[in-house]
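# Examining the three-dimensional arrangement
Spelled out, the chains give:
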Amino acid sequence: MSLAIGALNAPLKRHAPTVENLAEADSFFWDGRAESLEVQAVGPITHPKEMNADLDEVINRLSAIEEYRRYFRIAYPSEGLTVDTMLRSIATYERTLRSGWSRFDDWVSGDEDAISAPAKRGFEVFIGPARCASCHSGWSFTDHAYHAIGVASGDVGRGGFDPSAPYQFKTPGLRNIALRAPFMHNGSVASLRQVVEHYRVGGAENYRHIADIEPLDLSQQQVEDLITFLHTLTALDPHVSAPALPAE
Ligand code: HEC
C-alpha cells in the first residue's frame, strides 16, 4: 500500500491520481465528487490532512507578493487576486498538462516500425480478449466513468455518496502508465504485471464479489504482450516544464 503524504506527515486516505489529460474530464477525485477542476482544487488546499490551509489566508499570503498581484491584475483585470481567480488559475494551468506524444501515437499515425511485434499483439489483446478497452477507451484510455474492479480495499469509493455505485472508482487514463506505479486508488498494486494478473483472475482475492469484471482466459504470451503494449504509451518526452514562480 502506498498513499500520498500530507501536511501532518501522515498518509492520506487514497493514492494521488494523475493530473494529466484532465482538460477532457468532467468529474474529479477517484470518486468523482467534484464537478470541476476549480472545485477540486479547494479540497487539497483546505483539507486538514493535506495542505491544511485557510483560503483567505492563502490569498493574504499571495497578495504579499507584488508579482502575483500584478499578474492577477493582468489576467483578471476586473477581479484581481481573489479566492475565485486563484482557483481558476490553478485549474487553467492543470488543463495544459497533456501526457505527450508516444511511440504508440507514431504507430497509429502509420509508422509500422514505431512499436515492436509483441507490442502490436498486446494492443490486439487490450482491445480484444482482455476487454481492457471496454473501460480504458479513447485518446486518454478512459471512459471517464466509474466501475468496481475488486481492488483489495474497504473503501466504498463513489458509494460514499451514491448508494447505486458501491466500490466504484474512476477509470484512470493509461497514458504514461509505466511511469506511475504503484497503482489503483490505494496504491495496493505494485507493478503492471500485477495489474494484469489482477484482471486475469477477476479481482483481488476476497474482493471478487464486489467486482464488475470477469476472470480472463489469457495465455502467458498474451500477458507478456499486453505489458509490452502498455509501455508504448509512455511519452517520448514526459517532462513538464515548471513555470517560473514570482519571488517573495
Ligand atoms: C470495468 C472497467 C475496467 C476494465 C474492463 C479494465 N479496467 Fe483498468 N481500471 C478501471 C478502474 C475503475 C480502475 C481504478 C480502480 C481503483 O483504483 O480502484 C482501473 C485501474 C487500472 C490501472 C491503474 C491505473 C492507475 O493510475 O493507478 C491500470 C494500469 C489498468 N486499470 C489497466 C487495465 C488493463 C490492462 C485492463 C485489461 C486487462 C483493464 N485495466 C481493464 C476500470 C477498468
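### Some words on the nonpolar core
Counting residues in hydrophobic clusters, the biggest one holds 29 residues, and the most contacted among them are Phe126, Leu226, Phe229 and Leu230. For this core, the secondary structure elements donating two or more residues are α5 (103-108), α6 (117-127), α7 (192-200) and α8 (220-231). In terms of residues, this core owes the most to one element, α8, which gives five residues. When residues no more than four places from it in sequence are discounted, the contact partners of Leu230 are Phe126, Leu174, Ile177, Leu192 and Val196. By size, the runner-up hydrophobic cluster in this structure holds 13 residues, among which are Val58, Phe72, Leu81 and Met86.

### Notes on the coordination of the iron atom of the ligand
Reference geometry at the metal: tetrahedral coordination by four donors gives ideal angles of 109.5 degrees; octahedral coordination by six donors gives 90 or 180 degrees. Looking at the iron atom of the ligand, one finds its protein donor set to be His136 (NE2) and Tyr199 (OH), positioned 1.9 to 2.1 Å from the metal centre. Around the iron atom of the ligand sit six donor atoms; with metal-centred angles ranging over 85 to 179°, the donor geometry is octahedral. Residue His136 is located in the loop between α6 and β1 (146-147), and its partner Tyr199 is located in helix α7; the two are separated by 63 residues in the primary sequence. Among the residues examined, His136 registers a relative accessible area of 11% and is labelled buried.

### Re the domain arrangement of the protein
For the protein, the domain assignment lists domain 1 (37-94) and domain 2 (103-231). Relative to domain 2, the C-alpha centre of domain 1 lies at a distance of 35 Å.

### Description of the side chain of His136
A polar atom in the side chain of His136 sits 3.1 Å from the backbone oxygen of Phe141. A polar side-chain atom of His136 sits 3.1 Å from the main-chain carbonyl oxygen of Pro172. Setting aside anything within four residues of it in sequence, one finds His136 in contact with Phe126, Phe141, Thr142, Thr171, Pro172, Leu174 and Tyr199.

### Quick notes on the environment of Pro172
Among the structural elements, Pro172 can be located in the loop between β2 (169-170) and α7. For the pair Pro172 and Phe141, spaced 31 residues apart in sequence, the C-alpha to C-alpha distance is 7.7 Å. Not counting residues up to four positions away in its chain, the partners in contact with Pro172 are Trp30, His136, Phe141, Thr142 and Arg180.

### Digging into unusual backbone geometry
Cis geometry is found at the peptide bond from Ala181 to Pro182, where omega equals -5°. Following the sequence through the fold, Pro182 ends up in the loop between β2 and α7. Even without a glycine there, the phi angle at Asn176 is positive, about 60°. Its location among the elements puts Asn176 in the loop between β2 and α7. The phi dihedral of Met184 falls on the positive side, at around 80°, and the residue is not glycine. On the secondary structure map, Met184 appears in the loop between β2 and α7.

### Considerations on the packing of α7 against α8
It is at 10 Å that the axes of α7 and α8 come closest, and there the two elements cross at 130°. Here α8 runs oblique to α7, going by the angle between their axes. α8 is crossed by α7, and the crossing has right-handed handedness. Residues Leu192, Arg193, Val196 and Arg200 of α7 pack against Gln220, Val223, Glu224, Leu226, Ile227, Leu230 and His231 of α8. Each residue belonging to the contact of α7 with α8 can be placed in one class, and the counts come to six nonpolar, two polar and three charged.

### As for the site of the ligand
The environment of the ligand is made up of 24 residues, and the closest members are Cys132, Cys135, His136, His185 and Tyr199. His185 is positioned with one of its backbone polar atoms (N or O) 2.6 Å from an oxygen atom of the ligand. One of the side-chain nitrogen or oxygen atoms of Tyr199 is found 2.6 Å away from a nitrogen atom of the ligand. For the shell around the ligand, the elements supplying multiple residues, two or more each, are β2 and α7. The greatest single-element share of the shell around the ligand, amounting to three residues, is contributed by α7.

Thresholds applied
- Residue numbers here run from 1 along each chain, matching the order of that chain's written sequence.
- It should be noted that, the model being predicted, local features are given only for residues of pLDDT at least 70 and side-chain atom pairs only at 80 or more, the latter also being counted only at that level, while totals for whole chains, interfaces and linings use all residues.
- Note: side-chain values were computed over all heavy atoms of the structure, leaving out hydrogens and water.
- To define a nonpolar core, start from buried Ala, Val, Leu, Ile, Met, Phe, Trp, Tyr and Cys residues and group those joined through side-chain atoms within 4.5 Å.
- For each residue, the accessible area found with a 1.4 Å probe, counting protein chains only, is set against the maximum for its type, and the residue is called buried under 20%, exposed over 50%, and partly exposed in between.
- Think of it this way: any DSSP run of H or I at least four residues long counts as a helix, any run of E at least two long counts as a strand, and we number them from the N terminus.
- Residues count as neighbours in contact if any of their non-hydrogen atoms are within 4.5 Å of one another.
- Each metal's donors comprise the N, O and S atoms found within 2.8 Å of it (within 3.2 Å for Na, K or Ca). Water is not part of the atom list, so some coordination spheres may appear incomplete.
- When four donors show all angles between 85 and 135 degrees the site is tetrahedral, when four or six donors have opposite pairs over 155 degrees and all other angles between 65 and 115 it is square planar or octahedral respectively, and in every other case it is irregular.
- Domain boundaries shown here were taken from an automatic or database domain assignment.
- Residues adjacent in sequence count toward polar contacts only when both atoms are side-chain atoms; beyond that, a polar contact is any pair of N or O atoms within 3.5 Å, and within protein one must be able to donate a hydrogen and the other to accept it.
- Between N-to-C directions, angles span 0 to 180 degrees; the directions come from axes that are lines fitted to C-alpha atoms, helices contributing only their stretch in contact.
- For classification, angles of less than 35 degrees are called roughly parallel, those exceeding 145 degrees roughly antiparallel, those between 65 and 115 degrees roughly perpendicular, and all remaining angles oblique.
- A crossing counts as left-handed when the near helix is turned anticlockwise from the far one by less than a right angle, and as right-handed when that turn is clockwise.
- Residue polarity follows a fixed list, in which Ala, Val, Leu, Ile, Met, Phe, Trp, Tyr, Cys and Pro are nonpolar, Asp, Glu, Lys and Arg are charged, and the others, Gly among them, are polar.
- Proximity is defined per residue: any heavy atom of the residue falling within 4 Å of a molecule or strand makes that residue near it.

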